[in-house]
Structure formats: structure tokens, C-alpha cells
Amino acid sequence: MKDKLAILRSYAATRYFRKWRSRESFLRWQEKRIVRHLETVRARSSFYEKLWRGIPTDEWRTFPAIDKTAMMDHFDELNTVGIRKDEAFELAIAAEKSRDFTPVLNGITVGLSSGTSGHRGLFLVSERERLAWAGAVLAKALPRSLLHREKIAFFLRADSRLYGSVESSSIRFEFFDLYEPIDRHIARLNAYRPTLLVGPPSLLRMLAEAAAAGTLSVAPAKIVSVAEVLDPLDRRVVESAFGQTLHQVYQCTEGFLASTCPYGTLHFNEDIVCIEKEYVDRSRGKFIPVVTDFSRLAQPIVRYRLNDLITERKSCPCGSPFTAIEAIEGRSDDLFYLPSRDGASLVPVFPDLISRAVLAATDDLSDYKVIQQGENRILLMLKTPAGVHSDPAAAQVAASLGELFRKLGCAVPDLEFAPYRPPEPGVKLRRVERAWRVQGRIGQRMKR
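This is a predicted model, so every value here is computed, not measured.

Engineer: Would you mind showing me how to read the packing of aromatic side chains here?
Structural biologist: Any aromatic ring pair is given by two values, namely how distant the centres are and how the planes are angled relative to each other. Within this structure, the stated rule accounts for 15 aromatic pairs. When the ring of Phe-47 is compared with that of Tyr-48, the centres are 5.1 Å apart and the planes differ by 65°; the resulting orientation is edge-to-face. You'll find Phe-47 and Tyr-48 in the same group, each marked buried. These aromatic residues form a ring-pair network of at least three members: Trp-20, Phe-26, Trp-29, Phe-294 and Phe-322.

Have a look at this one:
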């Protein structure tokens, strides 16, 4: 009963009670919450106490930023619940192998990030934080109010008590393991008939194809994309198959960062996290987020620099005071760098420009992946009706990319074509990926 009341309080506060008349009044409220939270963090985390020494808390925006490497290197001193990194890893890895994600350490939920950047991370969530998270998710993700009975189908690489918190008399929750075969998922969904369907876009795409083929017969009230970058191609297929707007949740180890409004626009959850913008191209509104989560204390996230590349949106008709997002482009280190026409420098090319050029080339493309394998070499994995070697779609994509590269002042690289290969189960799909390390000569600076 205590758990349910905690979830309800968080749900009500998130969905109904926190209403601000302007962005300015919201920011004043947020600043007070942040400063109060950071005073507590300073007192309880020896890592942050040392890192911030000599800097007043109300000047927190001048605190040194950290990243995943720093958080993991100082894990024992950073967390405030006395959990050691070695014991947390031991529990998390055992859960991955057994697929039993219920064990906790001293009442603390321990999770393991998927590690798409090559470095696996740990996250810790206290019981209070877990329940508050559940309430916030209910408020921002449910298709209707708590008065309606909902059945949630959640597709994840790993289950967690974090998600099981949602279970209640009116909310039924079922975890679908991404490592299971798609045919088994379809059979379970047909029997379960969820009202809310949540999963990575690559998985939702497979379910959409099953729905179009008539093997999947569910009609959820809402569908939410998580975990991977939502590509326009996948969005189009899913929305067409299910006849509704595809919503998104932007969440990672570092927090519940953003969710979509009724208009389908992503907004940062700034009543939970503060987002500072480290611009890489101010004119295009592209930035790397620096996150301060003022709702978590077990593992404080303060001025944490993500590796994601975000494009901001100027406004949304919903009228929310929270910052709107035009697109999450993926990792900032998936920026392509191509030689300039004179060969003197390397020119940065944003992932969304590459995606747009590929998708604008032809209507026959059903899947794709673009990988920069070297300074002057790009691999294009295309899925088309006729096959990439004989299909004119390949030539159209090559021409579209060539036009983009020339417009940006790049020398047109060598393009190699191959059949499309989907990612392994449980591996996040990255449609635009740089698979080589840049070695200097980045002569054209991005606008700041």
C-alpha cells in the first residue's frame, strides 16, 4: 500500500500539480530545487565534495563536468549508499546471465547499461527513487489516466525492478526479452493484447511488418519508441501499420530525460533533470546535453556530459515550458569527417544530413545503414526490392550523397554497397555510424 501511495503522489505531482505560467517562473522553481539537492549531494558524496571544493553551491554551473569514465572510475566515492563497483558489477552480470533481475543490494536496484559506446556502465536507484520514477513514467507515458485499466508490454534487453514498479491493480506490466525470437513475441502479444506497447524502433518495425502481414492482431492505444534513435523510415512504417502517432521516451543510465507531448513532440523532463546545452552548431540548434538530475541521490548525476547529439526545436503547439527536441541524432562521435576538396582539412558531416540524403534518394528503400570505414571510404548497406547490386536505388542513393558532400565542400568518398544486415538481438541499431578514429586535420570548425 505504501508503494502504491508513493507512485500515486509522484504521478499526481508530475501530471497535474506542477503547472507554470511561463518559462521564467519554471526556471526559478527549478533553480531552487537544484541548489537544495546539490547541498545534500555535497554532504553525502565524498567524490563531489572534493570536486566542488571552494565553489559555492549556487554557482553550480561552474562545477567541473564529468562523463561515464569519471563516474565509473570514482564509482565507490561518488554513490551515497555505500555500494562498491565490484559487488555491483558482480550482481548485475549474474542477473544478465540468469535473466533474473530481481536481486538488489542493500535495498538498492542495480542495473547495467547496454554499453553502445564500448564502455558498460552501472546505475543505482534507491527504493524512493524507483517509486518516484514509476509515478513520473505513468504520468508521461500512459495513454489515459490511472482510472483506466492498462496493460503494458515493455520490450527490453534486460528487465529490472525499476520497470516492475509500475504494476498495480489497474496497471498490468509484462516484460518481453529482446533476446527471445520474434515469433514468440507475436504469439504472446496476440494473447496479452496490450494497451501500451513500448520498445526499440527496430523491434517495433518488425511488429509493424507482422501487423501488416496479418500475423499480429493487436490495437494498442499508444506506442512508445525507446532505447534507439528513431529513424524517419521506421517511424513511417510503424505509424502506417498501426494507424497512430509513434511517441518516444528518451531514457538512459543517466536518467529519464525526455518524453513526447500529445502532439508527438519530445520535451526534456525538466521537472526532473536540468539540461545545459553544449552547442556544436548553434545555427542549426545542435548540441550535446550536460545533465543534472535533481531527483536522484543514490548515484548523483551532476553536470554529466552525455555523448548524444541533439537538435533543438524552437516551439511546440502544446505550450509546455519544457525545451522541445526536434531530433535525437545519436552519438556525437558518429559525426562523419570527410576530406575537403583541397585535401587540407576534414569536414564534419552530421548524421541527420546523411539520413535525409539517403531517404530522399528513393521510395524503394526499406532499410539501410551507412558506415564510415575510413577517411575516404563509406559502406552503404541497403535493403531494396531488387537487391543493391542491380537496383537503380543504389545509384540514386549514391547520387544523393554525392550531391550532399559536394554541397558541404567535401571530396566525394569511395562508396561500397552491401546487402542490409539487421543487428543481433539486444544490440542497439545505429543507422549512421563512424567506425574509424579521426586523426587530426579537422580544419573547418563547426559554428558555435
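Engineer: Whenever I open this one, the environment of Gln-439 confuses me. Can you help?
Structural biologist: Structurally, Gln-439 can be placed in the segment after β20 (432-434). Judged by relative accessible area, which is 59%, Gln-439 ranks as exposed. Sequence separation of Gln-439 and Leu-346 is 93 residues, and the distance between their C-alpha atoms is 9.5 Å.

Engineer: Could you clarify how one ought to interpret the environment of Ile-93 in this entry?
Structural biologist: Mapped onto the elements, Ile-93 comes out in helix α6 (residues 85-98). Its relative accessible area of 38% is what places Ile-93 among the partly exposed residues. It is 7.8 Å that separates the C-alpha atoms of Ile-93 and Leu-112, two residues lying 19 residues apart in sequence.

Engineer: Explain the packing of helix α10 (residues 201-213) against helix α11 (residues 232-242) here, please?
Structural biologist: For any two helices packed against each other, the geometry is given by the interaxial angle and the distance between the axes. Orientation of α10 relative to α11, taken along the N-to-C sense of each, is 40°, at an axis distance of 9 Å. Handedness of the α10/α11 crossing: left-handed. Of the residues in α11, those touching α10 at Pro-201, Leu-204, Arg-205, Leu-207, Ala-208 and Ala-211 are Leu-233, Asp-234, Val-237, Val-238, Ala-241 and Phe-242. Residues of the contact of α10 with α11, tallied by class, amount to 10 nonpolar, no polar and 2 charged.

Quick notes on the rules
- Residues numbered from 1 in each chain as written.
- Predicted model: local features only at pLDDT ≥ 70, side-chain atom pairs only at ≥ 80, totals over all residues.
- Heavy atoms only, no water.
- Phe/Tyr/Trp six-rings, centres within 6.5 Å; stacked < 30°, edge-to-face > 60°.
- Buried < 20%, exposed > 50% of the residue type's maximum accessible area, 1.4 Å probe, protein only.
- Helix = DSSP H or I, 4+ residues; strand = E, 2+ residues; numbered from the N terminus.
- Axes fitted to C-alpha atoms, helices over the stretch in contact; angles between N-to-C directions.
- Left-handed = near helix turned anticlockwise from the far one by under 90°.
- Contact = heavy atoms within 4.5 Å.
- Nonpolar A, V, L, I, M, F, W, Y, C, P; charged D, E, K, R; others polar.

All quantities given are derived from atomic positions and should not be read as evidence of function.
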